[in-house]
Amino acid sequence: MARPGFDPVEIGKTYDENAAIRDGFGYGHLHMWYWYDDEDEAPLEEAVHRITRKVVDTLGVRPGEHVLDAGCGQGEPARYLAREFGARVTGVSVSAAEIDDAIRRTKGTDLADRVRFEYGDYTDLPYPDGTFDAVLVIEALMYSPDLDRALRELFRVLRPGGRISFSDFSLMPTADPKRIEKFMSTVKMNVLPSLPEWLDRVQDAGFGVEEHTQCGPRVYGKKSKYLKAAMARRDEISTAVGDSTMSEFSRSLQGFYAPRKDDIGYVIISARKP
């Protein structure tokens, strides 16, 4: 499913405006959560970090490899890659606030010589062909005004044999169009493919798909657990950013929770450049 596109500058400004709030709920990971079931008692920080681990694990990163984190947020996945796998990481984002925060969090640490962050659009990268051994994209492709162009650009900057792993939302077969439109408009999402459509687009860009999973029931399907965990932190974050800012942020996301748990899927796809 597609809708009229949002441009990267507009997406960047949205993240600039809400960076502090999103960080408060995401602990440096600006993406979704993962709970196994309703009895899973993992705290919010662990549930959010699980997404990073699950997507990164499909990359098979080796020490010294150069990884592009496209849509890097505040840099926690990039730092995780460097810290746990010994990778060199370049993170790019269209949010200047995110890049500034990512640099601040990394400066002065023992990761500073292996991780760098740059303002940039992953649909038009300045890097030569074959620069990277692997590409990581966590919930960023959905914002692309031209998904096929974005995938081709990420294909270009990968070396032959290089890998890409990404996670993103997907359209479920029984989804209600009105709820989906509200969801996409709220998140400023340009495209919402089904899992088969995601696979087709990845292959059309030249990649060979090696692994994929649909874990929507444990991600968006656990939105009630997230809301409960987030509300427990709301007062703390509201004190830091101001009640009016917090209230406006909450109102702006109402459409995000409009779909039912079976409307929105969540896919993780890993592929390789021949």
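Preceding block: the structure.
In this report, the structure presented in the accompanying data block is examined.

Cut-offs and rules
- Residues numbered from 1 in each chain as written.
- Predicted model: local features only at pLDDT ≥ 70, side-chain atom pairs only at ≥ 80, totals over all residues.
- Heavy atoms only, no water.
- Pairing = 2+ DSSP bridges.
- Helix = DSSP H or I, 4+ residues; strand = E, 2+ residues; numbered from the N terminus.
- Axes fitted to C-alpha atoms, helices over the stretch in contact; angles between N-to-C directions.
- Contact = heavy atoms within 4.5 Å.
- Parallel < 35°, antiparallel > 145°, perpendicular 65-115°, else oblique.
- Left-handed = near helix turned anticlockwise from the far one by under 90°.
- Nonpolar A, V, L, I, M, F, W, Y, C, P; charged D, E, K, R; others polar.
- Phe/Tyr/Trp six-rings, centres within 6.5 Å; stacked < 30°, edge-to-face > 60°.
- Buried < 20%, exposed > 50% of the residue type's maximum accessible area, 1.4 Å probe, protein only.
- Lys NZ or Arg CZ within 6 Å of the ring centre and 35° of its normal.

With that settled, consider the sheet that holds strand 1 (residues 66–70). Pairing in this open sheet of seven strands is mixed, and the strands run 3-2-1-4-5-7-6 from one edge to the other. A strand with exactly one partner marks an edge of an open sheet, and here the two such strands are strand 3 (115–119) and strand 6 (208–214). Pairwise comparison of adjacent strand axes, ignoring direction, gives a mean angle of 15° for this sheet. With five bridges connecting them, strand 2 (residues 88–93) and strand 3 associate as parallel partners. The partner of Ser-93 across the bridge, within strand 3, is Tyr-119. Where helix 2 (residues 44–57) meets the sheet, its contacts fall on strand 4 (132–138), strand 5 (158–171) and strand 7 (264–272), and the angle it forms with strand 4 comes to roughly 145°. Packed on one face of the sheet, helix 3 (residues 76–85) meets strand 1, strand 2, strand 3 and strand 4 and runs near 155° to strand 3.

Here we take up the packing of helix 2 against helix 3. Running from N to C, helix 2 and helix 3 cross one another at 60°; their axes reach a closest spacing of 11 Å. By the criterion of interaxial angle, the relationship of helix 2 to helix 3 is oblique. When you trace helix 2 past helix 3, the crossing you get is right-handed. Here His-49, Thr-52, Arg-53, Val-56 and Asp-57 of helix 2 come into contact with helix 3, specifically with Pro-77, Tyr-80, Leu-81 and Phe-85. Broken down by class, the residue content of the contact of helix 2 with helix 3 amounts to five nonpolar, two polar and two charged.

Now for the packing of aromatic side chains. Applying the stated criterion to the full structure yields 13 aromatic pairs. On the basis of an interplanar angle of 10° and a centroid distance of 4.0 Å, the ring pair of Trp-33 and Tyr-226 is categorised as stacked. Note that Trp-33 is positioned in the loop between helix 1 (8–26) and helix 2 and Tyr-226 in helix 8 (residues 223–241), a separation of 193 residues in sequence. On the accessibility criterion, Tyr-226 (11% relative accessible area) is buried. Connected via pairs of aromatic rings, a cluster forms that spans Phe-169, Phe-183, Tyr-220, Phe-256, Tyr-257 and Tyr-266. Looking at Lys-225, its charged tip hangs above the ring of Trp-35, at a distance of 5.5 Å from the centre. Between the NZ or CZ atom of Lys-273 and the centre of the ring of Phe-155, over which it lies, the distance is 4.7 Å.

Note on placement: Ala-42 falls in the loop between helix 1 and helix 2. Every residue in contact with Ala-42, bar those within four places of it in the chain, is listed here: Trp-35 and Arg-50.

Moving on to unusual backbone geometry. Located in the positive-phi region is Glu-139, a residue other than glycine, with phi close to 55°. One can find Glu-139 in the loop between strand 4 and helix 5 (147–157). Of note, the phi angle at Lys-188 is positive, near 60°, even though the residue is not glycine. Inspection of the secondary structure puts Lys-188 in the loop between helix 6 (177–187) and helix 7 (195–204).

Mapped onto the secondary structure, Gly-255 falls in the loop between helix 9 (243–252) and strand 7. With relative accessibility at 4%, the residue Gly-255 sits in the buried group. Separated by 70 residues in sequence, Gly-255 and Ser-185 have C-alpha atoms that sit 7.8 Å apart.

Now for the packing of helix 5 against helix 7. Packed helices, taken two at a time, are described by the angle their axes make and the gap between the axes. Interaxial distance between helix 5 and helix 7 falls to 9 Å at its minimum, and their mutual angle equals 50°. By the angle between their axes, helix 5 is oblique relative to helix 7. Considering how the two elements wind past one another, helix 5 and helix 7 form a crossing that is right-handed. Along its contact with helix 5, which presents Leu-147, Asp-148 and Leu-151, the element helix 7 presents Trp-198, Arg-201 and Val-202. When grouped by side-chain class, the residues that make up the contact of helix 5 with helix 7 number four nonpolar, no polar and two charged.

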